[in-house]
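Working through the structure, step by step
Chain residues, written in single-letter form:
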Amino acid sequence: VVTLKSIPRVEKSVGQGMQQIIVRLLGAIPGPIVFGIVIDDSCALREERCGYDNGSCYEYRGDDLRMNILILAAAPKLVAIICYFIAWRVFPTHDDDHIHQIEMEEVKSEPKAPQGGAQKLRRPKLGPSST
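Okay, so let's go over this structure. Model, not experiment: these values are computed from the prediction.

Structural notes on the packing of helix α3 (residues 31–41) against helix α4 (residues 62–90)
To characterise two packed helices, one gives the angle between the axes of the helices and the distance between these axes. Look at α3 against α4: their axes get within 9 Å of each other, and the N-to-C directions meet at 160 degrees. One finds that α3 runs roughly antiparallel with respect to α4. Considering the relative orientation of α3 and α4, their crossing is right-handed. Residues V34, F35, V38 and I39 of α3 touch α4, and the partners they reach there are L65, N68, I69 and L72.

Have a look at this one:
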């Protein structure tokens, strides 16, 4: 809603497209990677393969996992709420009625075609004629 109110009417589709690109770049692409790192960091007992701790996790530290997932999910939401509030307060709202009024004034100020000089062209009637 803030995005739609802070962008001029003619640029609303571009604004929505840019917003979706940013959401995809910052959320959908790195999101699963970051959540995977957080889940792997809360592993208490990991399977050893060839002397390295790179196998599956047998046991997770539940309290750490729960807190890390909560923080990871809540922190971006809090940042988004703060950014939306700042955008709502800082950027001017573009009133569609005002823009529509300006557009109507522009249409009224356009020169009109001469009234008496040209005849209207008539379209031929389509279909069977009844003569």
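With respect to the layout of surface pockets
Taken as a whole, the largest pocket encloses approximately 570 Å³ of empty space. Contributing to the lining of the largest pocket are 17 residues, with V23, L26, G27, P76 and A80 lying nearest its centre. At the level of elements, α2 (12–28), α3 and α4 are the ones that each hand at least two residues to the lining of the largest pocket. Top contributing element to the lining of the largest pocket by residue count: α4, with eight residues.

Here we look at the pattern of salt bridges
Here the structure, examined in full by the defined rule, presents three salt bridges. D64 serves as the salt-bridge partner of R61, at 2.8 Å between the closest nitrogen and oxygen. Judged by relative accessible area, R61 falls into the partly exposed class, the value being 35%. For D64, a relative accessible area of 34% translates into the label partly exposed. In this structure, R66 engages D63 in a salt bridge whose closest nitrogen and oxygen atoms are separated by 2.5 Å. With R66 and D63 both in helix α4 and three residues apart, this pair spans about one turn of that helix. D63 matches R66 in its accessibility class, with the two residues each being exposed.

Quick word on the state of the cysteines
Counting across every chain of the model gives one disulfide. Here C43 engages in a disulfide with C57; their sulfurs sit 2.1 Å apart. Its S-S torsion of about 105 degrees marks the bond between C43 and C57 as right-handed, since a negative value means left-handed. Here C43, found in strand β1 (residues 43–46), pairs with C57, found in strand β2 (residues 57–60); they are 14 residues apart in sequence, far enough to count as distant. No difference in accessibility class separates C43 from C57, as the two residues are buried.

Basis of the calculations
Residues numbered from 1 in each chain as written. Predicted model: local features only at pLDDT ≥ 70, side-chain atom pairs only at ≥ 80, totals over all residues. Heavy atoms only, no water. Axes fitted to C-alpha atoms, helices over the stretch in contact; angles between N-to-C directions. Helix = DSSP H or I, 4+ residues; strand = E, 2+ residues; numbered from the N terminus. Parallel < 35°, antiparallel > 145°, perpendicular 65-115°, else oblique. Left-handed = near helix turned anticlockwise from the far one by under 90°. Contact = heavy atoms within 4.5 Å. 1 Å grid on protein atoms, 1.4 Å probe; cavity = no way out; pocket = protein on both sides within 12 Å on 5 of 7 lines; lining within 4 Å. Points joined across faces, edges and corners; volume = space filled by probe spheres on them. Salt bridge = Lys/Arg side-chain N within 4 Å of Asp/Glu carboxyl O. Buried < 20%, exposed > 50% of the residue type's maximum accessible area, 1.4 Å probe, protein only. Disulfide = S-S within 2.5 Å.

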